[in-house]
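Chain by chain, the residues:
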Amino acid sequence: MNTSGHIHVDVIIIGAGVAGASLTALLKNSGVTCALVEANPADKDQDTGDQSRTDPRALAITIASKNILQSIGAWDKIPKDRLACFRKMHIWDENGLGEVNFDSADLYEPVMGYIVEQRILEQALETALNKSDHVSWYRPAEVKILRTEKDKIYVGLDDGRQLSASLLVAADGQSSTIRRLAGINFKIHDYHQHALACVVETELPHQEVACQRFLTRGPLAFLPMAQPNQCGIVWSTTPEHAAELKNLDEKVFNKVLAEAFAYHAGEIIHTDSRTTFPLARAQADEYCRPRLALVGDAAHRIHPLAGQGANMGLLDVASLAEIILQAREKGRDIGAFSVLRKYERWRKGENRTMMMTMEGFKYLFENKTTGLSWLRNVGMDMFDSIKPIKHEVMKRAMGLAGDLPDLARSHF
Ligand SMILES: Cc1cc2nc3c(=O)[nH]c(=O)nc-3n(C[C@H](O)[C@H](O)[C@H](O)COP(=O)(O)OP(=O)(O)OC[C@H]3O[C@@H](n4cnc5c(N)ncnc54)[C@H](O)[C@@H]3O)c2cc1C
């Protein structure tokens, strides 16, 4: 603690979700002192080691994200019986014969990606962070005051404690308090859709294939999980329909879901708890200010059909860590605007490219003009057969293309 009563560290990170916890792990391994502030109390199951509860949110994780998580020692902390891979993806339309099929073998890769529950990934990250002299946790705590001066940034927590640092990173999610306190504009495109998420047991095994069926009201995804007959569901639909589905009796819901998926997985045997999320696409006008950087959902949001939100956040933090550590090595101020602008230039463009690629893909499948339904199906088949374009989209979605930070690359 310094004479002014502030606890001083190199970097304050607000939010211990996937983005914030990963950044902290990346920095502490290089000796950067971090204060990690998290609003939610610690997960009780983390302390007791109880991982029996499933999280309705199953995340598709790219090869690039796996490389980052491996480098910070979190990948090996994911229990093997909670980690799955998918080798193929099958996408088709309810109203026609058009379809698109992706296969990792086309790119000489053994897998397209991995599936892990969000809570299990967050627990693995927390385990990787534990027992580090370079990390101090503030939990549960929320930021109430934010003040920037020439050579430091200050925060006041709701419990009265005060922190200062050379840099503050907002990893506090889509409703970021830091973004609001800094007055940074967040341009939101509301899809007027909600996603219903849950984990189900199916009659037929998934065979490591991820599937999406485009229905009139939005896409329905089945993501293969670690058990052969277990899938994570993300069903994007109108807010009213999502609420209705959430409140259905389980047996009725199982029937409705099996039918909506055209019995592709046979009957639905069991459904765990169901949760809904509002869907939007958004991008912050600025990713940085002097002594402040935004990462993860605090900087951007994307439709879950892309399966990219957490992956984009991991690329943000690996890029930011690379820039911070390079600046430190050269003796430069890690909170200087000129240093942080490098991060903004790098990631804002990359994230926009990903968002626009996925938006185009969504448009191809979701064009609701009935008269154009045949055109849409022809479009899908054409996309499926034009290999160079299809492979470029695949490489982006798998985290094999784009301007990747060093830690995200596969090193052979
Ligand atoms: C249905 C669904 C399916 C998805 N599927 C995928 C997928 O397949 N692949 C993928 O990559 N992504 C997917 N996503 C997106 C992914 O879940 C998010 O992009 C990711 O969780 C964002 O991580 P984050 O760390 O940036 O933010 P968050 O996970 O929101 O974490 C923010 C953290 O900050 C804390 N916090 C908030 N405010 C404060 C404050 N004032 N002070 C202190 N702490 C604070 C919160 O408690 C939280 O712990 C999906 C999302 C949904 C809704």
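Overview of the structure. (Residues numbered from 1 in each chain as written. Predicted model: local features only at pLDDT ≥ 70, side-chain atom pairs only at ≥ 80, totals over all residues. Heavy atoms only, no water.)

### Side note on the site of the ligand
In plain terms, the rule: Any residue with a non-hydrogen atom lying within 4 Å of a molecule or strand is treated as near it. Identification of polar contacts relies on pairs of N or O atoms within 3.5 Å, with a donor-acceptor requirement for protein atoms, meaning one able to donate a hydrogen and the other able to accept it, and with residues adjacent in sequence counted only if both atoms are side-chain atoms. Just so you know the grouping, Ala, Val, Leu, Ile, Met, Phe, Trp, Tyr, Cys and Pro go in nonpolar, Asp, Glu, Lys and Arg go in charged, and all remaining residues, Gly too, go in polar.
By nearness alone, 29 residues border the ligand, and Glu 38, Ala 60, Gln 118, Asp 297 and Ala 310 come closest of all. Interatomic distance of 3.2 Å between a backbone N/O atom of Val 18 and an oxygen atom of the ligand. Within the backbone of Gly 309, one N or O atom sits 3.3 Å away from a nitrogen atom of the ligand. Looking at side-chain class alone, the shell around the ligand contains 14 nonpolar, 11 polar and four charged residues.

### Remarks on the packing of helix 8 (residues 309–329) against helix 9 (residues 337–366)
Each pair of packed helices can be summarised by the angle the axes make with each other and by the distance between the axes. What counts here: Comment: axis = line fitted to C-alpha atoms, over the contacting stretch for helices; angle = value between 0 and 180 degrees taken between N-to-C directions. A run of H or I in DSSP becomes a helix once it reaches four residues, and a run of E becomes a strand once it reaches two; helices and strands are each numbered from the N terminus. An angle counts as roughly parallel when it lies under 35 degrees, as roughly antiparallel when it exceeds 145, as roughly perpendicular when it falls between 65 and 115, and as oblique in every other case. With the far helix as reference, a near helix turned anticlockwise by less than a right angle produces a left-handed crossing, and one turned clockwise produces a right-handed crossing. Throughout, a contact is declared for two residues whenever any of their heavy atoms are within 4.5 Å.
The geometry of helix 8 relative to helix 9 is characterised by a closest axis approach of 10 Å and an angle of 160° between their N-to-C directions. Here helix 8 is positioned roughly antiparallel relative to helix 9, judged by the angle of their axes. The interaxial crossing formed by helix 8 with helix 9 has right-handed handedness. Judged by residue contacts, Met 312, Leu 315, Asp 316, Ser 319, Leu 320, Glu 322, Ile 323, Gln 326 and Ala 327 of helix 8 engage Val 339, Leu 340, Lys 342, Tyr 343, Trp 346, Arg 347, Asn 351, Met 354 and Met 355 from helix 9. Of the residues in the contact of helix 8 with helix 9, the class split is 11 nonpolar, three polar and four charged.

### Thoughts on the side chain of Ser 104
Within the element layout of this structure, Ser 104 appears in the loop between strand 6 (99–103) and strand 7 (113–117). Residues in contact with Ser 104, not counting those within four places in the same chain, are Arg 87, Glu 109, Pro 110, Val 111, Met 112 and Met 394.

### Some points on the packing of helix 9 against helix 11 (residues 387–398)
Where helix 9 contacts helix 11, the axes come no closer than 11 Å and their chain directions differ by 125°. Accordingly, the angle class assigned to the pair helix 9 and helix 11 is oblique. Considering the relative orientation of helix 9 and helix 11, their crossing is left-handed. Listed contacts from helix 11 to Glu 350, Thr 353, Met 354, Thr 357 and Met 358 of helix 9 are Val 393, Arg 396 and Ala 397. Looking at the contact of helix 9 with helix 11 residue by residue, the classes come out as four nonpolar, two polar and two charged.

### Re the packing of aromatic side chains
Heads up, the condition is: Two rings from Phe, Tyr or Trp (for Trp, the six-membered ring) form a pair when their centres sit within 6.5 Å of each other. Planes less than 30 degrees apart are called stacked, planes more than 60 degrees apart edge-to-face, and all others tilted.
For the structure shown, the criterion picks out five aromatic pairs. When the centroid spacing of 3.6 Å and the interplanar angle of 5° are considered together, the rings of Phe 222 and Phe 261 count as stacked. Within this pair, whereas Phe 222 is found in strand 14 (residues 218–224), its partner Phe 261 is found in the loop between helix 7 (250–260) and strand 16 (268–271), the two being separated by 39 residues in sequence. Aromatic pair Tyr 287 and Tyr 343: ring centres 6.1 Å apart, planes at 40°, arrangement tilted.

### Some points on a positive patch on the surface
Which entries qualify depends on this criterion: Patches here: salt-bridge-free residues with over 30% relative accessible area, like charges joined within 9 Å, nonpolar side chains (Val, Leu, Ile, Met, Phe, Trp, Tyr) joined within 5 Å. Computed with a 1.4 Å probe, the accessible areas rest on the Shrake-Rupley method; for each residue, only the protein chains presented here act as cover. By salt bridge we mean one thing: a side-chain nitrogen of Lys or Arg within 4 Å of a carboxyl oxygen of Asp or Glu. Only four residue types enter the tally: Lys and Arg on the positive side, Asp and Glu on the negative side, with His and both chain ends excluded. By convention, the charge on Lys lies at NZ, on Arg at CZ, on Asp at CG and on Glu at CD. When accessible area is computed with a 1.4 Å probe and restricted to protein chains, residues below 20% of their type maximum are described as buried, those above 50% as exposed, and intermediate ones as partly exposed.
Taken together, the side chains of Lys 330, Arg 332, Lys 342 and Arg 345 make up a positively charged region of the molecular surface. Since its relative accessible area comes to 40%, Lys 342 is described here as partly exposed.

That is the geometry; function is a separate question.
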